[in-house]
Amino acid sequence: MTRVLDPQLKHALAERIRFYNELGIYDFYRREHSEAAEPLTLSVPQIQPEQREPMTPRAKAAVAIPADGDLFEVAKPESRATNPAQALRLIREDLGDCTRCRLHKQGRKQIVFGVGNPKTDLMFIGEAPGADEDQQGEPFVGRAGQLLNNMIKAMGIQREDVYIANIIKCRPPGNRTPERDECETCSPFLMRQIAVIQPKVIVALGAVAAKTLLAINAPMAELRGQWYDFRGTKLAVTYHPAFLLRDPRQKKEAWKDLQMVMKELGMPVPAKSAE
Ligand code: URA
């Protein structure tokens, strides 16, 4: 339901949002409230004035708030971009040398942002960088990546035609499963990548990607083989390539998932995969 805000309150909120933008905070959550005359509140961290740091040049560039439109549509740096590749670069810049979660001090060599065609119809999302990805700064470049490349080739396209990213952008120590708070801290950047790329189809690779994106907890066998709506984009779930390396018998099931994706994208569907 659209609510008209009192202009004074709107101005005060705009000022408050500008302040958080200056601190590099762009994501706000609207707290549900009753229709009774409760004050409208924004769930944002409480920061004391003495904790404020001087405005950085990047923050200065990012504080523009649209004069019209929804007040909660806070202008993100990428809104200045004129094309998706530039928008992705601005998101990467905004991520910086990220220290938002514990992983930055747990041995990560570099941030693994994402790779591929910024205008693609098809996006693959994995879990987290492993050792090879951490070393090279690119997702899916190790053994699981080789299998993913083969899966993509079997679809009749190349790795360069799609976009590949992970739920989190830093390698967890010992390749452990990402913690929930790490996913929650990092995934807003992935959401922004998705919003820029606007793929027609997202393929979630494995349980961590599927459960994080869909916020549902179910076994992989139940999750795959059907379509989900992810913020207006079709999303399919399939097995993670690392799992397929451990249990190659499931490759034929993964191939069924990819055939479903190809059909949706209007791609010619070969009967057999090129394993
Ligand atoms: N596994 C993932 O989930 N992502 C990678 O980038 C590599 C391995």
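Structure first, text after, so check above.
The present account deals with the structure reproduced in this document. Throughout, a residue's number is its position along its own chain's written sequence, starting from 1. Since the coordinates come from a predicted model, pLDDT governs what is reported: local features require at least 70, and pairs of side-chain atoms require 80 or more to be given and counted, while whole-chain, interface and lining totals use all residues. Only heavy atoms go into the side-chain values, all of them from the structure, while hydrogens and water stay out.

Right, let's talk about the side chain of threonine 238 for a bit. Tracing the sequence through the fold places threonine 238 in strand β6 (residues 233-238). Residue classification places threonine 238 among the buried residues on the basis of a relative accessible area of 1%. In this structure the side chain of threonine 238 is engaged in a polar contact, spanning 2.6 Å, whose partner is the side chain of aspartate 257. The contact criterion used throughout is that any non-hydrogen atoms of two residues lie within 4.5 Å. The residues contacting threonine 238, other than those within four sequence positions of it, are Val203, Ala204, Leu205, Gly206, Met220, Arg224, Ala254 and Asp257. Only DSSP runs of H or I reaching four residues or more are called helices, and only runs of E reaching two or more are called strands; each is numbered from the N terminus. Buried residues are those whose accessible area, probed at 1.4 Å on protein chains only, stays under 20% of the maximum for their type, while exposed residues exceed 50% and partly exposed ones sit between those limits. Polar contacts here mean pairs of N or O atoms no more than 3.5 Å apart (in protein, one a potential hydrogen donor and the other a potential acceptor; neighbouring residues in sequence count only if both atoms are side-chain atoms).

Glancing now at the sheet that holds strand β1 (residues 115-116). Pairing between sheet strands relies on hydrogen bonds along the backbone, with the strands arranged either parallel or antiparallel. Paired strands, in this sense, are two strands between which DSSP finds at least two bridges. Pairing in this open sheet of six strands is mixed, and the strands run β1-β3-β2-β4-β6-β5 from one edge to the other. Looking along the sheet, the strands with just one partner apiece sit at the ends: β1 and β5 (227-230). Both β5 and β6 contribute to a ladder of four bridges, which runs antiparallel. When the sheet's bridge partners are listed, phenylalanine 230 is paired in β6 with threonine 233. Axis definition: a line fitted to C-alpha atoms, limited for helices to the stretch in contact. Angles are taken between N-to-C directions and run from 0 to 180 degrees. Lying over the sheet, helix α7 (residues 207-214) contacts β2 (122-126), β4 (201-205), β5 and β6, oriented at roughly 130° with respect to β4. Sheet contacts for helix α10 (residues 251-264): β2, β4, β5 and β6; angle to β6, the most-contacted strand, approximately 165°.

Note on terminology: near, applied to a residue and a molecule or strand, indicates that one of the residue's heavy atoms is within 4 Å of it. Taken together, the neighbourhood of the ligand is formed by Gly126, Glu127, Ala128, Glu133, Pro139, Phe140, Asn166 and His240. A distance of 2.8 Å separates a nitrogen atom of the ligand from a polar side-chain atom of asparagine 166. Exposure was quantified through the Shrake-Rupley algorithm and a 1.4 Å probe, taking into account, for residues, occlusion by the shown protein chains and nothing else. Against a free-state accessible area of 240 Å², the protein chains account for coverage of 91% of the ligand. Side-chain classes follow a simple rule in which Ala, Val, Leu, Ile, Met, Phe, Trp, Tyr, Cys and Pro form the nonpolar group, Asp, Glu, Lys and Arg form the charged group, and the remainder, Gly included, forms the polar group. Partitioning the shell around the ligand into residue classes produces three nonpolar, three polar and two charged.

Glancing now at the packing of helix α3 (residues 84-95) against helix α6 (residues 180-197). Running from N to C, α3 and α6 cross one another at 170°; their axes reach a closest spacing of 9 Å. Here α3 is positioned roughly antiparallel relative to α6, judged by the angle of their axes. On α6, the residues that touch Pro84, Ala87, Leu88, Ile91, Asp94 and Leu95 of α3 are Phe189, Arg192, Gln193, Val196 and Ile197. Each angle gets one of four labels, with under 35 degrees taken as roughly parallel, over 145 as roughly antiparallel, 65 to 115 as roughly perpendicular, and the rest as oblique.

Let us look at α3. Spacing of three or four residues puts side chains on the same side of an α-helix, whose turn is 3.6 residues. To estimate the expected span of a helix, subtract one from its residue number and multiply by 1.5 Å. The end-to-end C-alpha separation of α3 is 16 Å, in line with the 16 Å expected for 12 residues at 1.5 Å each. Inspection of α3 places Ala87, Leu88, Leu90, Ile91, Asp94 and Leu95 among the buried residues, and these make up the whole buried set. Relative to the axis of α3, the buried residues are bounded by an arc of 160° and lie together on one face. For α3, the N-terminal cap is asparagine 83; the gap from its side-chain oxygen to the backbone nitrogen of alanine 85 is 3.2 Å. Glycine 96 occupies a position one or two residues after α3 and carries a positive phi of about 60°. Taking the helix axis as origin, the arc is that swept by the directions to the C-beta atoms.

Here we take up unusual backbone geometry. Look at asparagine 175: it is not a glycine, yet its phi comes out positive at around 60°. Note that asparagine 175 resides in the loop between β3 (163-166) and α6. If you check the backbone angles, arginine 231 has positive phi at about 50° while not being a glycine. We classify arginine 231 as exposed; its relative accessible area is 66%.

As a further point, take the nonpolar core. Among buried residues, those of type Ala, Val, Leu, Ile, Met, Phe, Trp, Tyr and Cys that are joined through side-chain atoms within 4.5 Å constitute a nonpolar core. Phe124, Met155 and Leu213 are the most contacted members of the largest nonpolar core, which has 65 residues in total. With eight residues, α6 is the single largest residue contributor to this core. Sequence-distant contacts of leucine 213, that is, excluding residues within four places in its chain, are made with Ile125, Ile167, Leu190, Met191, Ile202, Ala204, Phe230 and Leu235.

Turning next to the state of the cysteines. Cysteine sulfur atoms are paired as a disulfide whenever they come within 2.5 Å of each other. This model, assessed by the stated rule, comprises zero disulfides. Cysteine 170 supplies the cysteine sulfur nearest to cysteine 98, a cysteine that is in no disulfide, at a spacing of 6.3 Å. For cysteine 98, a relative accessible area of 14% corresponds to the buried category. No disulfide involves cysteine 170; its sulfur sits 6.2 Å from that of cysteine 101, the nearest cysteine. For cysteine 170, a relative accessible area of 9% puts it in the buried group.

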